[in-house]
Amino acid sequence: LAERFSSLGRWKAAEIVELEVMEMCTTVLGTEDPGTIRSMINLARIYRHIGKWTESEKLEKQVLDVRTRVLGEEHPDTIQSVANLA
């Protein structure tokens, strides 16, 4: 649903839905689950689109921390997280 709102340019609605998804994933799956990480990345992207740079950067840093710890520094997903912060 959040992706659909994003594609329609309804960024505030997308933010609300994706924030709820991220919170549920974190509670049910934990912070290191790939689904939780994906929801964090999606929310960070939405934040970038609506100009919430600080919130976006905070989430991207959290993703990088988890990926570095779980996957290692040289994993392609970790490297992508570094690129997202650039």
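Small disclaimer: the values here were computed from a predicted structure and weren't measured.

J.: An account of the overall build of the protein chain is requested, with residue identities and associated values reported.
T.: Each helix and strand in the protein chain was counted, giving five helices and zero strands. Starting at the N terminus and walking to the C terminus, you meet the elements of the protein chain as α-α-α-α-α. Computed over its C-alpha atoms, the radius of gyration of the protein chain comes to 13 Å, within 12% of the 12 Å expected for a compact globule of 86 residues. Along the first, second and third principal axes, the C-alpha atoms of the protein chain reach 35 × 30 × 20 Å. A total of 86 residues make up the protein chain; the buried ones form 35% of that total. Accessible surface computed for the protein chain: about 5,400 Å², of which carbon and sulfur atoms make up 56%. A distance of 7 Å separates the average location of the 11 positive side-chain charges in the protein chain from that of its 14 negative side-chain charges.

J.: Provide a residue-level description of the pattern of salt bridges, including the pertinent values.
T.: Where charged atoms from two side chains of opposite charge approach closely, those side chains can pair. Using the criterion set out here, one finds six salt bridges in the structure. Residues Lys 12 and Glu 15 are paired through a salt bridge, measuring 3.2 Å at the closest nitrogen-oxygen approach. Of the two residues, Lys 12 and Glu 15 both sit in helix H2 (residues 11-29), three residues apart, roughly one turn of that helix. Overall, the relative accessible area of 6% leaves Glu 15 in the buried class. Lys 52 serves as the salt-bridge partner of Glu 15, at 2.8 Å between the closest nitrogen and oxygen. Of the two residues, Glu 15 is situated in helix H2 and Lys 52 in the loop between helix H3 (34-49) and helix H4 (53-71); the sequence distance between them amounts to 37 residues. Put simply, Lys 12, Glu 15 and Lys 52 are held in one network by salt bridges that share partners.

J.: Just give me the short version of the layout of surface pockets, but keep the residues and values in it.
T.: Roughly 150 Å³ of internal volume is contained in the largest pocket. Lining of the largest pocket is provided by Glu 32, Pro 34, Ile 37, Arg 38, Val 66, Arg 67, Val 70, Leu 71 and Asp 77. Secondary structure elements with two or more residues in the lining of the largest pocket: H3 and H4. Here the lining of the largest pocket takes four residues from H4, the largest share from any one element.

So, how was this worked out
Residues numbered from 1 in each chain as written. Predicted model: local features only at pLDDT ≥ 70, side-chain atom pairs only at ≥ 80, totals over all residues. Heavy atoms only, no water. Helix = DSSP H or I, 4+ residues; strand = E, 2+ residues; numbered from the N terminus. Rg over C-alpha atoms; globule rule 2.2 N^0.38 Å. Buried < 20%, exposed > 50% of the residue type's maximum accessible area, 1.4 Å probe, protein only. Areas by Shrake-Rupley, 256 points an atom, 1.4 Å probe, with all protein chains shown as cover. Lys, Arg positive; Asp, Glu negative; His and termini not counted. Charge placed at Lys NZ, Arg CZ, Asp CG, Glu CD. Salt bridge = Lys/Arg side-chain N within 4 Å of Asp/Glu carboxyl O. 1 Å grid on protein atoms, 1.4 Å probe; cavity = no way out; pocket = protein on both sides within 12 Å on 5 of 7 lines; lining within 4 Å. Points joined across faces, edges and corners; volume = space filled by probe spheres on them.

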